[in-house]
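# What the coordinates show
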Amino acid sequence: MTEPPDRRLLLVHAHPDDESINNGATMARYAAEGAHVTLVTCTLGERGEVIPPELAHLTGAALGQHRRRELAAAMAGLGVHDVRLLGGAGRYSDSGMMGLPDNDDPACFWQADVDEAAAHLVEVIREVRPQVLVTYDDNGGYGHPDHIQAHRVAMRAVELSAEAGVPVPKVYWNRVPRPVVEESFEQLRKDLPGTPFTKAAEVDDVPGVVPEERITTEIDGTAHSGAKAAAMRAHATQITVAGPYFVLSNELAQPILTTEYYELVRGERGPGPRETDLFAGLEEAS
């Protein structure tokens, strides 16, 4: 019988495409190194805004199924083969942007009972037994209700798993240090005339921007920059990629970051001023 990989990483995201934007290089790196990478996506993004005109007819369930295929293509490109939908396909639907009537739909993720949703994630944790879990901060990075709910569900699942004797040793939130974003946007503005994009986003439009001292961990994914860009490109309904930059439906250009940053919020920090491995300091799994 083949022994399971010693390193097991679980990522919890709200919609298809969030994983590639936030963690694409990290996922590709650990998958290439032989770690078991599991992605749990909480909704299919049925209320996402569609960029390509030829796909503008996709809405609701049809859009969700299309985005599920985009997700599969993106994950195949990153080398990630364990992809789950929280509670099964269609269990929770996209909640739309904060403050819209969509938030009141009883079937949407924002309306889900946190403990019930967390129980579905606990099942995954009990099966996979990850040493590391990655998700958003308590604002979901930028205030989207599904991102906030993904944070709540992930953190509650960590608590419930620990109570059941299956602790997750390290938990990280996605972050980006402000100086890195500022430098990246300075270069973007210089390069903008040579791109198909017309306007740059602002630094504060980037989810998870924090002062540099909040960053505990950085993962150099430079060797996997092509895989990350390709994964983002696979999410064609949501993302347009051109060189080292991309836009969402708001048409505001952002840099593709291939060094990805994290804040350790639970667990023991590894040695050094800043970790360069999410598994730093962990004993080899039994």
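See the structure printed just above.
Residues numbered from 1 in each chain as written. Predicted model: local features only at pLDDT ≥ 70, side-chain atom pairs only at ≥ 80, totals over all residues. Heavy atoms only, no water.

Pairs of aromatic rings are described using the distance from one ring centre to the other and the angle between the two planes. Applying the stated criterion across every chain, the model contains three aromatic pairs. On the numbers, 5.3 Å between centres and 70 degrees between planes, the contact of Tyr 30 with Phe 279 is edge-to-face. You can see Tyr 30 sitting in helix H1 (residues 18-32) and its partner Phe 279 sitting in the segment after strand S12 (259-266), a full 249 residues away along the chain. Each member of the pair Tyr 30 and Phe 279 is classed as buried. Residues Tyr 172 and Tyr 262 carry aromatic rings whose centres are separated by 6.1 Å and whose planes lie at 70 degrees to one another, so their mutual orientation is edge-to-face. (Phe/Tyr/Trp six-rings, centres within 6.5 Å; stacked < 30°, edge-to-face > 60°. Helix = DSSP H or I, 4+ residues; strand = E, 2+ residues; numbered from the N terminus. Buried < 20%, exposed > 50% of the residue type's maximum accessible area, 1.4 Å probe, protein only.)

Right, let's get into the pattern of salt bridges. All told, the structure shown has 19 salt bridges when counted by the stated rule. Notably, a salt bridge pairs Asp 137 with Arg 175, separated by 2.6 Å at the nearest N-O pair. You can see Asp 137 sitting in the loop between strand S4 (132-135) and helix H4 (145-163) and its partner Arg 175 sitting in strand S5 (residues 170-177), a full 38 residues away along the chain. One salt bridge connects Asp 204 with Arg 178, and the closest N-O pair in it is separated by 2.7 Å. With a gap of 26 residues between them, Asp 204 in the loop between strand S6 (199-200) and strand S7 (209-210) and Arg 178 in helix H5 (residues 178-191) connect regions that are remote in the sequence. (Salt bridge = Lys/Arg side-chain N within 4 Å of Asp/Glu carboxyl O.)

Our next topic: the environment of Arg 91. Note that Arg 91 resides in the loop between strand S3 (82-85) and helix H3 (114-128). When the C-alpha atoms of Arg 91 and Cys 42 are compared, they prove to be 8.5 Å apart, with 49 residues separating the residues in sequence. With residues up to four places along the chain from it excluded, the contact list for Arg 91 reads Leu 86, Ala 107, Glu 116 and His 120. At a separation of 2.4 Å, a polar atom in the side chain of Arg 91 contacts the side chain of Glu 116. (Contact = heavy atoms within 4.5 Å. Polar contact = N/O pair within 3.5 Å; in protein donor to acceptor, adjacent residues only side chain to side chain.)

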